[in-house]
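Fold and contact review
Take a look at the letters that make up each chain.
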Amino acid sequence: MEQTVSRDLLHWETQSQTSQASDTGQNLIFHRERGYTMLFFVRSRKKIDGVTEPFTVLGPAQLVSFQSERPI
């Protein structure tokens, strides 16, 4: 089922080497069962006037769905 990206739902991909079978992949997929809280930090641009932009905390997130083997 395809989800629509919105204010409450975003599309995110892991680093390219992270697979579903890896420890990191398993922790992401089963974060609730394992008691992990995923927190998202974003920045709209890498730099502003030559200065690295700080990250903004979006807050906790929960996995809705995932696909692909690598990256997830």
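What counts and how
- Residues numbered from 1 in each chain as written.
- Predicted model: local features only at pLDDT ≥ 70, side-chain atom pairs only at ≥ 80, totals over all residues.
- Heavy atoms only, no water.
- Helix = DSSP H or I, 4+ residues; strand = E, 2+ residues; numbered from the N terminus.
- Buried < 20%, exposed > 50% of the residue type's maximum accessible area, 1.4 Å probe, protein only.
- 1 Å grid on protein atoms, 1.4 Å probe; cavity = no way out; pocket = protein on both sides within 12 Å on 5 of 7 lines; lining within 4 Å.
- Points joined across faces, edges and corners; volume = space filled by probe spheres on them.
- Nonpolar A, V, L, I, M, F, W, Y, C, P; charged D, E, K, R; others polar.
- Phe/Tyr/Trp six-rings, centres within 6.5 Å; stacked < 30°, edge-to-face > 60°.

The residue after Arg70, namely Pro71, is reached through a cis peptide bond having omega -10 degrees. We note that Asp49 has phi near 50 degrees; this positive angle belongs to a residue other than glycine. Summarising the element assignment, Asp49 is placed in the loop between strand E2 (47-48) and strand E3 (51-52). Judged by relative accessible area, which is 77%, Asp49 ranks as exposed.

Considered as a void within the structure, the largest pocket measures approximately 860 Å³ in volume. Around the largest pocket, the lining comprises 31 residues; the ones closest to its centre are Leu9, Leu10, His11, Trp12 and Ser65. When contributions to the lining of the largest pocket are tallied by element, the ones reaching two or more residues are helix H1 (23-29), strand E1 (38-42) and strand E4 (56-61). Looking at the lining of the largest pocket, the element that brings in the most residues is E4, giving 4 residues. Looking at the lining of the largest pocket residue by residue, the classes come out as 17 nonpolar, 10 polar and 4 charged.

One pass over the full model with this rule turns up 1 aromatic pair. Aromatic side chains Trp12 and Phe40 sit 5.5 Å apart centroid to centroid with 90 degrees between the ring planes, which places their arrangement in the edge-to-face category. Placement of the pair is Trp12 in the segment before H1 and Phe40 in strand E1, with a sequence separation of 28 residues. Here Phe40 falls in the buried class, since its relative accessible area comes to 14%.

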